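Structure at a glance
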Amino acid sequence: MNYYDQHLHTFLSFDSEETFEHYLEHQPTFLVATDHFDLANAGTGFKDDIPNYHQLSEKINQLQPQTATTLLKGIEIGVVPGQESTIMDYLATHSYDLKLVSIHQNGRFDYMDDQVLTMDKFKVATMYFEQMLQVLKSFPDGHILTHFEYGLRRFDFSAQELEEHFETTLRQIFQLVIQRELAFEVNAKSFGRYQNAPLYEYAIPLYQSLGGKLFTLGSDAHVAQDYRLLFPEMSQLLRKFDVKQLVVFQGNERYLTDLPD
């Protein structure tokens, strides 16, 4: 199996208008959209942003007979502590092949909001990583932990600052990721747009030093032209740390695939 993009968005996300048809122009072997699920989303006026499952199912049923690509159901779950039981109730009645676990907001603000720029960057990062740690302890589902540095994107953080201020917490986070057999995502938006590759250069060997072996690449595409965005560059970074394979999740099954060129 060739590795395929495991993090992308369509019109079923509140922040994308992209179609499945445009992604299919890339002729992937598998296509899985991971649209946003965020309850009381601070980024959209505290609305419940839930991708329409009926529309997703209808779109797959419509397109599957027309394409050689296998279409899968995915979701990106933004978790705020206190929402766990509500999310799990939803997942109990809605089946997905791939579930991403993300920390986007804390019930008061999104970590990408301008509001964070009025706050001390170390306090924001502490809040963010502590929330991630709590979610990994209290939310039992998911396949992949996405963009570990999302809450730091509005600031200029160095790898040295992560090591000096947050290594203890990051060790606890990565130990839980490993115990739960989640994968660690290298995210193209983080890597490219937000220029946080140095933070991954710090985090990847730390994760490995604790026994972490499961990695994924995700474009985090919101338009089809970004499908597999920066995969060669991110693969090159993983090779630097002797990573040779990525993991693909399909429901209860997982498969190792060769790192793409």
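Above this text is the structure in question.
These lines cover the structure that appears in this document, whether it is placed above or below.

The rules behind these values
- The numbering scheme is per chain: residues are counted from 1 as the chain's sequence reads.
- Note on the predicted model: pLDDT of at least 70 is required for a residue's local features to be given, and 80 or more for side-chain atom pairs to be given and counted; whole-chain, interface and lining totals, by contrast, use all residues.
- As a rule here, side-chain values come from all non-hydrogen atoms in the structure, and water together with hydrogens is ignored.
- Secondary structure counts use DSSP, requiring at least four H or I residues in a row for a helix and at least two E residues in a row for a strand, with both numbered from the N terminus.
- Computed by Shrake-Rupley with a 1.4 Å probe, the accessible areas treat only the displayed protein chains as cover when residues are assessed.
- Positive charges are assigned to Lys and Arg, negative charges to Asp and Glu, while His and the chain termini are left out of the count.
- For the purpose of locating charges, the reference atoms are NZ of Lys, CZ of Arg, CG of Asp and CD of Glu.
- Any helix carries an expected span of 1.5 Å times its number of residues minus one.
- Each residue's exposure class comes from its accessible area (1.4 Å probe, protein chains only) as a fraction of the maximum for that residue type: buried when under 20%, exposed when over 50%, partly exposed otherwise.
- Should any heavy atoms of two residues lie within 4.5 Å, those residues are counted as being in contact.
- When a carboxyl oxygen of Asp or Glu is within 4 Å of a side-chain nitrogen of Lys or Arg, the pair counts as a salt bridge.
- Here the arc refers to the set of directions running from the helix axis out to each C-beta atom.
- As used in this structure description, the phrase polar contact means that two N or O atoms lie within 3.5 Å; if the pair is within protein, one of them must be able to donate a hydrogen and the other to accept it, and residues adjacent in sequence are counted only when both atoms belong to side chains.
- DSSP-based pairing: two strands are paired if at least 2 bridges between them are found.
- Between N-to-C directions, angles cover 0 to 180 degrees, with each direction set by a line fitted to C-alpha atoms, over the stretch in contact for helices.
- An angle below 35 degrees is read as roughly parallel, one above 145 as roughly antiparallel, one from 65 to 115 as roughly perpendicular, and any other as oblique.
- We call a crossing left-handed when the near helix sits turned anticlockwise from the far one by less than a right angle, and right-handed when that turn is clockwise.
- Classes in brief: Ala, Val, Leu, Ile, Met, Phe, Trp, Tyr, Cys and Pro nonpolar; Asp, Glu, Lys and Arg charged; the others, Gly included, polar.
- Pairing of aromatic rings covers Phe, Tyr and Trp, the last counted by its six-membered ring, and requires centre-to-centre distances within 6.5 Å; plane angles under 30 degrees mean stacked, over 60 mean edge-to-face, and any other angle means tilted.
- Consider the ring centre and the ring normal. A charge sits over the ring if Lys NZ or Arg CZ is within 6 Å of that centre and within 35 degrees of that normal.

A word on the overall build of the chain
Within the chain, the secondary structure is distributed over eight helices and nine strands. Within the structure as shown, the chain displays about 11400 Å² of accessible surface, and the carbon and sulfur contribution to it stands at 45%. Side-chain charges in the chain split into 20 positive and 37 negative, and the spacing between the mean points of these groups amounts to 4 Å.

Side note on helix H7 (residues 197–209)
An α-helical turn contains 3.6 residues, so a residue and the one three or four places further along point in the same direction. Helix length check: H7 (13 residues) gives 19 Å between terminal C-alpha atoms against 18 Å at 1.5 Å per residue, within 8%. Listed in full, the buried residues belonging to H7 are Ala197, Leu199, Tyr200, Tyr202, Ala203, Ile204, Leu206 and Tyr207. Where the residues of H7 are buried, they touch helix H5 (159–179), strand S6 (183–187), helix H6 (188–191), strand S7 (215–218) and helix H8 (231–240). Glycine 211 sits one or two positions beyond H7 and adopts a positive phi of about 110°.

Section: the pattern of salt bridges
Any two side chains of opposite charge can pair if their charged atoms end up close together. Throughout the structure, instances matching the rule amount to 10 salt bridges. The residue glutamate 201 makes a salt bridge to lysine 240 at a minimum N-O spacing of 2.6 Å. Pair noted here: glutamate 201 is in helix H7 and lysine 240 is in helix H8, with a separation of 39 residues, a long-range link. Residue class for glutamate 201 comes out partly exposed when judged on its relative accessible area of 30%.

Considerations on the environment of proline 81
Mapped onto the secondary structure, proline 81 falls in the loop between strand S3 (70–78) and helix H3 (84–92). For the pair proline 81 and glutamine 131, spaced 50 residues apart in sequence, the C-alpha separation works out to 7.3 Å. Each residue touching proline 81, except ones within four places of it in the same chain, is listed here: Gln131, Gln134 and Val135.

Quick word on helix H2 (residues 53–63)
Burial in H2 covers these residues: Tyr53, Leu56, Ser57, Lys59, Ile60 and Leu63. All buried residues of H2 project into a common sector of 160° when viewed along the axis, lining one side. Residues His54 and Asn61 are exposed on H2 and point more than 90 degrees away from its buried face. With a side-chain oxygen positioned 3.0 Å from the backbone nitrogen of histidine 54, the residue opening H2 is asparagine 52.

Examining the pairing of strand S8 (residues 245–250)
Counting buried residues along S8, five of its six residues qualify, which places the element largely inside the surrounding structure. Across six bridges, the pairing between S8 and strand S9 (residues 253–258) is antiparallel. The residue bridging valine 247 from the neighbouring strand is leucine 256, located in S9. Turn length for the S8-S9 hairpin, with the two strands adjacent in sequence and antiparallel, is two residues, and the turn residue glycine 251 shows positive phi of about 65°.

A closer look at the side chain of serine 235
Looking at where serine 235 falls in the secondary structure, it is placed in helix H8. Residue classification places serine 235 among the buried residues on the basis of a relative accessible area of 0%. When neighbours within four sequence positions are excluded, serine 235 is seen to be in contact with Leu217, Leu259 and Pro260.

A look at the packing of H5 against H7
In a pair of packed helices, the angle between the axes and the distance between the axes together describe the arrangement. Axis separation between H5 and H7 bottoms out at 10 Å; the angle between their running directions is 45°. One way to sum up the angle between H5 and H7 is to call them oblique. Where H5 crosses over H7, the handedness of that crossing is right-handed. Residues Ala159, Leu162, Glu163, Glu167, Leu170, Arg171, Phe174, Val177 and Ile178 of H5 touch H7, and the partners they reach there are Pro198, Leu199, Tyr202, Ala203, Leu206 and Tyr207. Residues of the contact of H5 with H7, tallied by class, amount to 12 nonpolar, no polar and three charged.

Quick look at the packing of aromatic side chains
For the structure shown, the criterion picks out 24 aromatic pairs. Ring geometry for tyrosine 53 and tyrosine 96: centres 5.4 Å apart, planes at 80°, overall edge-to-face. Of this pair, tyrosine 53 sits in helix H2 while tyrosine 96 sits in the loop between H3 and strand S4 (98–102); the two residues are 43 residues apart in sequence, bridging distant segments of the chain. Of the residues examined, tyrosine 96 reaches a relative accessible area of 6% and is grouped as buried. Taken together, a centroid distance of 5.6 Å and an interplanar angle of 85° make the contact between phenylalanine 122 and phenylalanine 157 edge-to-face. Taken together, the residues span a long stretch of sequence, with phenylalanine 122 in helix H4 (residues 121–138) and phenylalanine 157 in the loop between strand S5 (144–145) and H5 at a distance of 35 residues. Judged by its relative accessible area of 24%, phenylalanine 122 is partly exposed. The rings of Phe109, Tyr111, Phe122, Tyr128, Phe129, Phe155, Phe157 and Phe166 are connected pair by pair, giving a single aromatic cluster. Seen from the ring of phenylalanine 157, lysine 121 lies directly overhead, with NZ or CZ sitting 4.5 Å from the centre.

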